[in-house]
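# Analysis of the macromolecular model
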Amino acid sequence: MENDPRAPPSHFFTLRLWPEEADGDEPIWRGRMQHTASGEVRYFQGWEALVEMLLVLMEKKD
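Just so it is clear, the model here is predicted, and its values are computed rather than measured.

A count of helical and extended segments in the protein chain gives one helix and three strands. Listed N to C, the secondary structure of the protein chain is β-β-β-α in terms of helices and strands. The C-alpha atoms of the protein chain give a radius of gyration of 15 Å, which is well past the 11 Å a tight globule of 62 residues would have. Counting only residues that meet the buried cut, the protein chain has 15% of its 62 residues in that class. For the protein chain, restricting intrachain contacts to residue pairs at least 6 apart in sequence, the fraction spanning at least 24 positions comes to 19%.

Right under this line is the structure:
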């Protein structure tokens, strides 16, 4: 499937997530994301930050 010219480019990441207690009822989610091809590692806090980092990394690796 990797040689299929119709297949869109793929990006592989490893993701480690953990909750941290917060003042409110909801935990704060933190994480570590690594782009497997380049080894680049980034840390984030919150789902919005994860999505933003994924979008930036995918644009950068194309």
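Next, the rest of the story.
Spatially, the three strands line up as an open sheet ordered E1-E2-E3, and their pairing is antiparallel. Bordering the open sheet on either side are strand E1 (13-20) and strand E3 (41-45), each of which pairs with just one other strand. Across the sheet, the axes of successive neighbouring strands diverge by a mean angle of 15 degrees, strand direction being ignored.

Each regular strand carries side chains that alternate between the two faces of the sheet. The sheet contact formed by strand E2 (residues 28-35) and E3 spans five bridges and is antiparallel. When the sheet's bridge partners are listed, glutamine 34 is paired in E3 with valine 41. Where E2 folds back onto E3 in an antiparallel hairpin, the turn is made up of five residues, including glycine 39, whose phi is positive at roughly 85 degrees.

Before going further, it helps to examine the pairing of E2. With eight bridges connecting them, E1 and E2 associate as antiparallel partners. What sits directly across from proline 19, in E2, is tryptophan 29.

Now for the packing of aromatic side chains. Summed over the entire model, instances satisfying the criterion amount to one aromatic pair. Summarising the aromatic geometry, the rings of tryptophan 29 and tryptophan 47 are spaced 5.7 Å apart at their centres and angled 35 degrees between planes, so their arrangement reads as tilted. Of the two residues, tryptophan 29 sits in strand E2 while tryptophan 47 sits in helix H1 (residues 47-61), which places them 18 residues apart along the sequence.

Reading the values: rules and limits
- Along each chain, the written sequence defines residue order, and numbers are assigned to residues from 1.
- Where totals are concerned, whole chains, interfaces and linings use all residues; where local detail is concerned, this predicted model gives features only for residues with pLDDT of at least 70, and gives and counts side-chain atom pairs only at 80 or more.
- Each side-chain value is worked out from all heavy atoms of the structure, with water and hydrogens disregarded.
- By definition, any uninterrupted DSSP run of H or I lasting at least four residues is a helix, any uninterrupted run of E lasting at least two residues is a strand, and each is numbered from the N terminus.
- Just to be clear, the radius of gyration here is over C-alpha atoms, and the globule rule we use is 2.2 Å times residues to the power 0.38.
- Between buried and exposed lies partly exposed: a residue is buried under 20% and exposed over 50% of the maximum accessible area for its type, with that area taken using a 1.4 Å probe on protein chains only.
- By definition in these notes, contact holds between two residues if any of their heavy atoms fall within 4.5 Å.
- At least two DSSP bridges between two strands are required for those strands to pair.
- A fitted line through C-alpha atoms represents every axis, and for helices the fit uses only the stretch in contact; the resulting angles, taken between N-to-C directions, go from 0 to 180 degrees.
- Two aromatic rings, drawn from Phe, Tyr or Trp (for Trp, its six-membered ring), form a pair once their centres lie within 6.5 Å of each other, and the interplanar angle then sorts them: stacked below 30 degrees, edge-to-face above 60, tilted otherwise.

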